[in-house]
Each structure stands twice: as C-alpha cells, then as structure tokens.
Amino acid sequence: MALHFSARLSQSIRRILCVQLQLIHKTPTYCTQTTSALLSPSNLDSNDTIESNPCLSKNIERHPRSEPVGSVFQTWMGDGFPVHRGDIFHAINRLRKLKLNKRALEVMEWVIRERPYKPRELDYSYLLEFTMKLHGISQGEKLFSCVPSEFRNKLLYNNLVIACLDTGAIRLSLEYMKKMRELGHPISHLIFNRLIILHSSPSRRKTIPKLLAQMRADKVVPHVSTYNILFKIEADEHNIDGLVRVFHDMKRSGVEPNEITYCILATSHAAAKLYTVCEIYVEAIKTSMTGDNWSTFDVLIILFGYLGKVKDLEHTWAVVRARPHVRSKCFLLAIEAFGRVGELSRAVEVWEEMKSTKELKSTDVFNSIISVYCKHGFLDKVCGLIREMKSNGYRPNAITYRHLALGCLKAGLKEEFFRTLELGIKQKTVKKVTRSTPWLETTLSIIELLADKGDVENAEKLFEELEKAKYSRHTFVYNSLLKAYAKAKMHRPDLLRRMILGGARPDAETYSLIKLIDQFKT
C-alpha cells in the first residue's frame, strides 16, 4: 500500500522503529475501540491515576494544531509539573473522543521518544493504534514486525486485528485470526463484534450466524455488547420477532442485559406501537441505569414522548436542564417529545429557550420545531421559521420538505402538498435519513391522510419507501395502505399475500379490511 507521510512524522516513526518498540495493545484499548472509549482504573497500577491533573489534557487540546505538541510538555514540566501516565491516558482518551488522531499520535511519539516515565504495554498500544489510523495497515505491520517475540502475545494480536477491521481489511484480519489460533492465543469478543458490524449489510447478513458459530468454536465468552449489536441490527430491520429471538438467546447464554440493551428494546417496541411492552422496558432502563448517561436520558425523553407520559417527560427534562451544559440535541429531542404528547406550548418554550442559549447551527435545528408545527397543522407558524432559517444562512433540506408536505396536506392544500413533496424528493438524501424512524413516521402520517382521501396511487408511491426500509413489517403500517384501497373502493387480489411475504402479520383489522376490499371485486 502506497502511503504518503509528512517528513516530520516519518522521522518520528523511524526513530521509534530504531529502538524496537515494545508494541502491544492491552484490554483498555479494546474498550476505546468501542463507542464508550473509557479507560478502566483496574488496568493501571495502584500508583497511577486516571486523571492526575486535567490541565495537561486541556493544554494539549487547545494547543494550535500547526505547532508541535512537544512545546506543551516543555511548558508543563517547566512549570514544575511531572508528566504522569494518568495524564497521558486521560489526554489520549479525550483526543480519541474528539477524533484528533494526528495530535494523539504526536503525543505518543513524544512519550516514546522522551520517556517521561517508563513506557508500558498500553503506551505502545496507543502508538500502534494511531499509527494505523493515520498511516494505514502497512506501517502498522512494520511496527508490529519490530516487536520482540516475548511481546507478541494475545493482546497485541487482538488489537492488531481490530485495527485491521477498522480499515475494512477483513481478509487480512481473518489471516491474523488463523495465526492466533495456531499460536494458541485467545480471540477477543470485540473482534467478533467488529466482524458482525462489517457483515450487517443486507447482502452480507447471512454470514452472521457463521460468525456466531465460529465464536462458539473459538470458545469466546459471550458479551452483552455482542448481543446489543445483534439487537440493533434487528431493530434497524423493524424485526420485533428477531429482537425476541436474540433476547432469548442472550438469556440462555447467561448474559445479563444492560441499559443499552433495554434502550434498544424499548425504542423498537415504541416504534412498533407496542406500548405496554415498551413501558416494561422503560422501567428496566430506570433500574439498570449506571450514573448520568446522556444517551440514556435522550432515549427516556423520546420514550416518554411515545408513551404520552407528560409528568415523566417533564421530570426527565428537568434533570437534564439541571446540568451545567445541555447539548443542542437534548433540546431538539425535548421539543419533538413535547410536540408528540400534544404539549405545543411547552415545545415552543423549549425552542425559545434554545434560541436564547444556543447557536442555531444547522437546518436540523429548525426542523425539530417545524415538525411539531406541521403535525399540529400550524402551517402559518412554519412560514416564519422558514424565513428565519434562510436569514441564518440555511436552506430547507429533504426532511424540512417532508414535514412541510405533511403540514400542507393537513391544511388541505393539495397542490402545495404535491409541489413540496416533489421538492423534497429532488433533494439528495442519505439512506440513514430515509430509514430513520422519524422520517418513516412522517411518511406514514402522509399515507394515512392520503388513505382517508382514497388516493391509492400516491399512497402506493410513498409506501415503496416504507417497504424498502422494512418499516412495512409493522401490521399497522400495512393496514394504512389497505385503508386507501377500501376508501377508493378498489379491489386488488394479492394484498394479503403481499403483506405476509413482506414480513407483516395480519391482525383482526387486516382481515376486516381485506373482506371489505373483496366486496369491490368485479
């Protein structure tokens, strides 16, 4: 692989190679490869601290990127402060979270070169990690080849495989895994997590059962994170039966769910309008919460909006607002949740509060309040927001137009509805948006209004989006289409067969609608 290196970084890499680095990843690096990216205290000596002094980390983050990081350490030590291992670990985790990989590599190069303390396995592992992230697999393998044989153990191999998988090099990763088996090194569950994620696309999903079988063959102990990935895959497919199956497998394996598990299960059942089951999982979230996790509070705000629990929503929002710094995303979720429970005035209050405390940085910020107004039919309010959006330098996107189309249809503006809908369709939209639950729910709301008017043609056009996203697996979604045929008094013989083949289960309403449609057979 041909790689282009800057002169300074190349020199640093060569200096490091000359001293034969003791490269090795340790278990904490496994964690940092995942979403949480936290360093466990159990992996440090009793004399080490996770955060000796956060000031060094802040100084590194604030240092101009065009200047070498060594001057930060010189100033720090010049002021009489030692550079502890905990300072470096804290700084690296912060830089990783901020995706400042180049600066993290500079920090580790300085540590290995200047040796403010005796480098250990985790120090070298960080160097290997960021070298591979910036300079690719080829350079990482060169570093790996310079490791003395006594350090080429299970930890280094596991992290090398993970780094290869992060670049999408599946074949090379499988070769290293084969070598690990030959050497008798155990394989981490995080490697299989990466493999499952890489095979989560529809075209590759059939490989996942084989990966799970290989996981058992390698005697890899099941982990809750593996099951959470499987849950997310099924949730993205709107497959409630698949979620239940994975949950039973999880229980059978003796793995205990965590708050992430319950969050995925709760949101999936809420989107499927299975509110009783959702409430049970909401209670499980409350009992399994560990600390004040931003993401968990975000999910609870969404769920209380679905469940119509105004008091719980107010309480959760009050807890979030009591924090020193509230993210813009939390405001957006609260606006949408209050709009969902019918508290329009509260949604507007949160919007006004957000405007007074946060910078309006994108179209999506405006889309949150626009969605609320459109769902409640206040199209006149939306016009002012569109003008305000444009005055801030932003333009409506596909999400904006989809909400506006719903608002126009609710207001009975049929011509404006078709024009706005067409404008949104012409916008470039990534698959992540068109398969998101808010987008699908807005589209379903439009289909329901079209169904009430007996507009089968346009309902079918929009229903194609729901089928592609597998959202039509929910029975209530398919029933909306059946209502369009019933209202139009139009017969179609394959509707029930089409529904079953699409993965939806007919219910009493389905059969009632099918019988009604059959009456229009000529």
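Reading guide: rules and limits
Residues numbered from 1 in each chain as written. Predicted model: local features only at pLDDT ≥ 70, side-chain atom pairs only at ≥ 80, totals over all residues. Heavy atoms only, no water. Helix = DSSP H or I, 4+ residues; strand = E, 2+ residues; numbered from the N terminus. Buried < 20%, exposed > 50% of the residue type's maximum accessible area, 1.4 Å probe, protein only. Areas by Shrake-Rupley, 256 points an atom, 1.4 Å probe, with all protein chains shown as cover. 1 Å grid on protein atoms, 1.4 Å probe; cavity = no way out; pocket = protein on both sides within 12 Å on 5 of 7 lines; lining within 4 Å. Points joined across faces, edges and corners; volume = space filled by probe spheres on them. Nonpolar A, V, L, I, M, F, W, Y, C, P; charged D, E, K, R; others polar. Salt bridge = Lys/Arg side-chain N within 4 Å of Asp/Glu carboxyl O. Core = buried A, V, L, I, M, F, W, Y, C linked by side-chain atoms within 4.5 Å. Contact = heavy atoms within 4.5 Å. Expected span 1.5 Å × (residues − 1). Polar contact = N/O pair within 3.5 Å; in protein donor to acceptor, adjacent residues only side chain to side chain. pLDDT = per-residue confidence, 0-100. Phe/Tyr/Trp six-rings, centres within 6.5 Å; stacked < 30°, edge-to-face > 60°. Disulfide = S-S within 2.5 Å.

Draft legend 1. View of the overall build of the protein chain. Each helix and strand counted, the protein chain has 29 helices and 0 strands in total. Burial analysis of the protein chain (522 residues in total) assigns 48% to the buried set. Put simply, the protein chain shows about 26100 Å² of open surface, and 52% of that area lies on carbon and sulfur atoms.

Draft legend 2. View of the layout of surface pockets. Of the voids in this model, the second largest pocket is the one considered here, and its volume is about 590 Å³. Classifying every residue of the lining of the second largest pocket gives 10 nonpolar, 3 polar and 6 charged.

Draft legend 3. View of the pattern of salt bridges. Enumeration according to the criterion identifies 29 salt bridges in this entry. With a shortest N-O distance of 2.9 Å, Arg-94 and Glu-61 are connected by a salt bridge. Remark: Glu-61 occurs in helix H3 (residues 54–62) and Arg-94 occurs in helix H5 (residues 85–97); sequence separation between them is 33 residues. In this structure Arg-94 comes out as partly exposed when scored by relative accessible area, which is 28%. Classification of Glu-61 by relative accessible area gives partly exposed; the value is 23%. A salt bridge links Lys-133 to Glu-129; the nearest nitrogen and oxygen atoms lie 3.1 Å apart. Residue Lys-133 and its partner Glu-129 are both found in helix H7 (residues 121–145); the two are separated by 4 residues, about one turn of the helix. Since its relative accessible area comes to 40%, Lys-133 is described here as partly exposed. A cluster of three or more residues bridged by salt bridges with shared partners is formed by Glu-460, Glu-467, Arg-492, Asp-494 and Arg-498.

Draft legend 4. Focus on the nonpolar core. One finds Phe-231 and Trp-317 to be the most contacted residues of the largest nonpolar core, which totals 95 residues. When residues no more than four places from it in sequence are discounted, the contact partners of Trp-317 are Ile-301, Val-326, Cys-330, Phe-331, Ala-334, Phe-338, Arg-346 and Val-350. One finds Leu-406, Ile-446, Leu-466 and Ala-469 within the second-largest nonpolar core, a separate group that totals 36 residues.

Draft legend 5. Helix H22 (residues 398–410), seen in detail. In a regular helix each residue adds 1.5 Å, so 13 residues correspond to 18 Å; H22 covers 19 Å between its end C-alpha atoms and thus fits that length. Burial of H22 is extensive: 11 of the 13 residues sit out of reach of the surface. For H22, the full list of buried residues reads Ala-398, Thr-400, Tyr-401, Arg-402, His-403, Leu-404, Ala-405, Leu-406, Gly-407, Cys-408 and Leu-409. Of the surrounding elements, those touching the buried residues of H22 are helix H20 (363–375), helix H21 (379–391), helix H23 (414–426), helix H25 (437–452) and helix H26 (456–468). The residue sitting at the N-terminus of H22 and contributing the capping side-chain oxygen is Asn-397; that oxygen lies 3.1 Å from the backbone nitrogen of Ile-399.

Draft legend 6. Region of the structure containing unusual backbone geometry. Unlike most non-glycine residues, Arg-115 shows phi in positive territory, near 50°. For Arg-115, the position within the fold is in the loop between helix H6 (101–114) and H7. Looking at Arg-115, the relative accessible area reads 43%, which means it is partly exposed. Unusually for a residue other than glycine, Lys-489 sits at a positive phi of about 55°. Checked against the element boundaries, Lys-489 lands in the loop between helix H27 (475–488) and helix H28 (495–501).

Draft legend 7. Local environment of the confidence of the model for the protein chain. Scored by pLDDT, the protein chain comes out at a mean of 86, with 90% of its residues at no less than 70. Scored below 50 in pLDDT, residues 1–54 makes 131 contacts in the model with residues more than four places away or belonging to other chains.

Draft legend 8. Broad picture of the packing of aromatic side chains. What the rule picks out here adds up to 13 aromatic pairs. Taking 6.2 Å as the distance between ring centres and 65° as the angle between the ring planes, the aromatic pair formed by Phe-144 and Tyr-176 counts as edge-to-face. Separated by 32 residues along the polypeptide, Phe-144 in helix H7 and Tyr-176 in helix H9 (residues 170–183) bring together distant segments of the chain. Assessed through its relative accessible area of 7%, Phe-144 is described here as buried. On the basis of relative accessible area, Tyr-176 is assigned to the buried category, the value being 12%. Look at Phe-247 and Tyr-281: their rings are 6.4 Å apart centre to centre, the planes differ by 70°, and that puts the pair in the edge-to-face class. With a gap of 34 residues between them, Phe-247 in helix H13 (residues 240–252) and Tyr-281 in helix H15 (residues 275–288) connect regions that are remote in the sequence. One aromatic cluster in this structure is built from Phe-231, Phe-247, Tyr-262 and Tyr-281.

Draft legend 9. Structural view of the state of the cysteines. Within the structure shown, the criterion is met by 0 disulfides. No disulfide involves Cys-374; its nearest neighbouring cysteine sulfur is the one of Cys-408, lying 7.4 Å away. By relative accessible area, Cys-374 is classed as buried at 0%.

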